[in-house]
Amino acid sequence: MIYRSGSDYLKAPRKRVMLFGMSGLGKTYLSNLLRDRGDWFHYSVDYRIGTRYMGEYIADNFKREAMKVPLLRELLMTDSVYIASNITFDNLAPLSTYLGKPGDPAKGGVPFAEYMKRQEQHRQAEIAATLDTARFMERAEEIYGYPNFVCDTSGSICEVVEASDPADPVMKQLSETLLLVWIKGSDAHTAELIRRFDRAPKPMYYQPHFLHAAWEEYRATHSVTEETCDPDHFVRWTYARALAHRQPRYAAMARWGVTVTAEEVGDVASAQDFDALMARAIDRA
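Calculation criteria
Residues numbered from 1 in each chain as written. Predicted model: local features only at pLDDT ≥ 70, side-chain atom pairs only at ≥ 80, totals over all residues. Heavy atoms only, no water. Axes fitted to C-alpha atoms, helices over the stretch in contact; angles between N-to-C directions. Helix = DSSP H or I, 4+ residues; strand = E, 2+ residues; numbered from the N terminus. Parallel < 35°, antiparallel > 145°, perpendicular 65-115°, else oblique. Contact = heavy atoms within 4.5 Å. Left-handed = near helix turned anticlockwise from the far one by under 90°. Nonpolar A, V, L, I, M, F, W, Y, C, P; charged D, E, K, R; others polar. Core = buried A, V, L, I, M, F, W, Y, C linked by side-chain atoms within 4.5 Å. Buried < 20%, exposed > 50% of the residue type's maximum accessible area, 1.4 Å probe, protein only. Polar contact = N/O pair within 3.5 Å; in protein donor to acceptor, adjacent residues only side chain to side chain. Patch = residues over 30% accessible without salt bridge, like charges linked within 9 Å, V, L, I, M, F, W, Y side chains within 5 Å. Areas by Shrake-Rupley, 256 points an atom, 1.4 Å probe, with all protein chains shown as cover. Salt bridge = Lys/Arg side-chain N within 4 Å of Asp/Glu carboxyl O.

Colleague: Provide a residue-level description of the packing of helix H2 (residues 27-37) against helix H15 (residues 271-284), including the pertinent values.
Modeller: Running from amino to carboxyl end, H2 crosses H15 at an angle of 125 degrees, the nearest separation of the two axes being 9 Å. When the axis of H2 is compared with that of H15, the two are oblique. Contact residues: Leu 30, Leu 33, Leu 34 and Arg 37 in H2; Ala 271, Gln 272, Phe 274 and Asp 275 in H15.

Colleague: Describe the packing of helix H7 (residues 112-131) against helix H12 (residues 208-222), naming the residues involved and giving the relevant values.
Modeller: Think of two packed helices as two axes; the pair is described by the angle between the axes and how far apart they sit. The N-to-C vectors of H7 and H12 enclose an angle of 160 degrees; their axes lie 11 Å apart at closest approach. Here H12 runs roughly antiparallel to H7, going by the angle between their axes. The chirality of how H7 crosses H12 is right-handed. Residues Phe 112, Tyr 115, Met 116 and Gln 119 of H7 pack against Pro 208, Leu 211, His 212 and Trp 215 of H12. In terms of residue class, the contact of H7 with H12 is made up of six nonpolar, two polar and no charged.

Colleague: An account of the nonpolar core is needed here, citing residue identities and associated values.
Modeller: A general trend in soluble globular proteins is that nonpolar side chains are found buried together. Met 18, Phe 20, Phe 149, Met 253, Phe 274 and Met 278 are the most contacted members of the largest nonpolar core, which has 81 residues in total. The biggest single contributor to this core is helix H13 (residues 231-254), with 10 residues. With residues up to four places along the chain from it excluded, the contact list for Met 253 reads Met 18, Phe 20, Ile 157, Cys 158, Val 161, Ala 163 and Met 171.

Colleague: Describe the environment of Asp 152, and please don't skip the residues or the numbers.
Modeller: Tracing the chain through its elements places Asp 152 in strand E3 (residues 148-152). A C-alpha to C-alpha distance of 11 Å links Asp 152 and Leu 180, two positions 28 residues apart in sequence. Filtering out sequence-adjacent residues up to four positions away, Asp 152 remains in contact with Leu 19, Lys 27, Thr 28, Ser 31, His 42, Tyr 43, Ser 44 and Val 45. Here His 42 takes part through its side chain, which lies 3.2 Å from a polar atom of the side chain of Asp 152.

Colleague: I'd like a rundown of a nonpolar patch on the surface, residues and numbers included.
Modeller: Side chains of Val 69, Leu 71 and Leu 72 sit close together on the surface and give an oily, nonpolar patch of about 240 Å² of accessible area. In this structure, Leu 71 sits in helix H5 (residues 70-77).

Colleague: Now, about the pattern of salt bridges: what can you tell me, with residues and values included?
Modeller: Proximity of charged atoms lets side chains of opposite charge pair with each other. Summed over the entire model, instances satisfying the criterion amount to 19 salt bridges. In this structure, Arg 195 engages Glu 192 in a salt bridge whose closest nitrogen and oxygen atoms are separated by 3.0 Å. Of this pair, Arg 195 and Glu 192 are both found in helix H11 (residues 187-199), three residues apart, which corresponds to roughly one turn of the helix. A relative accessible area of 27% places Glu 192 in the partly exposed class. Among the charged side chains, a network of salt bridges with common partners joins Arg 14, Arg 16 and Glu 141.

Colleague: Talk me through unusual backbone geometry; I want residue IDs and the actual numbers.
Modeller: Located in the positive-phi region is Asp 79, a residue other than glycine, with phi close to 55 degrees. Checked against the element boundaries, Asp 79 lands in the loop between H5 and helix H6 (93-99). Non-glycine residue Ser 223 carries a positive phi angle of around 50 degrees. Looking at where Ser 223 falls in the secondary structure, it is placed in the loop between H12 and H13.

Purely geometric stuff here, so don't read any function into it on its own.
Here it is as structure tokens:
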């Protein structure tokens, strides 16, 4: 770790932290809290993915849909309108919409081959955006004067690294430049995340072999074809399995850093609370 002890962290003139774990456990909450303090730069990997690396894919998808409408087609062909996504740290809907869900097109589904192509685009974008962290740390201090830096990772980071491999290039760079912090949820948190997802299922990134296996099992057990598969039902069915699949991968990443619980995160109400939590986590690692 880049900090030898909790005291070392507290005395450091530059605090560099990366938060990872399942979506909904407090990564963005902590990042916003630190950013509002005024001396922390908040780097959102998801925002970087959706703007720098997948922004063109997203905009092109909007344009394909717009071209189906005669009025919009005419305006687009004459460069009379401009179409772009409005992704923010708190609204990543354009990225989720582009990733899509496989299944019945009448229910908003996309062909499975197209779905997998977009998944691969996301994998490459996530790796690139995560590796950009080191460069943004330099930019944050050199250009804007921020001494402290928090990286708010995508929930799918565990899917694009091999934390059990000591030579994994992404893990090596991250561990050499930041304190890696796993926000670990309980079984109750997992159940709540599943309930929340069930109310509003959204597209996500998963490893290809996991998705292919899930797709085959789902179609077999539900007796559906690609064309008759309900996209929302498939992603709901897949989500709980994905959380179980991700848990050991997060745990492997945590061996490169420290672990805090979602309950501990819930008690953080200030930047001072955050620093104290980080110091405790380092000392007990």
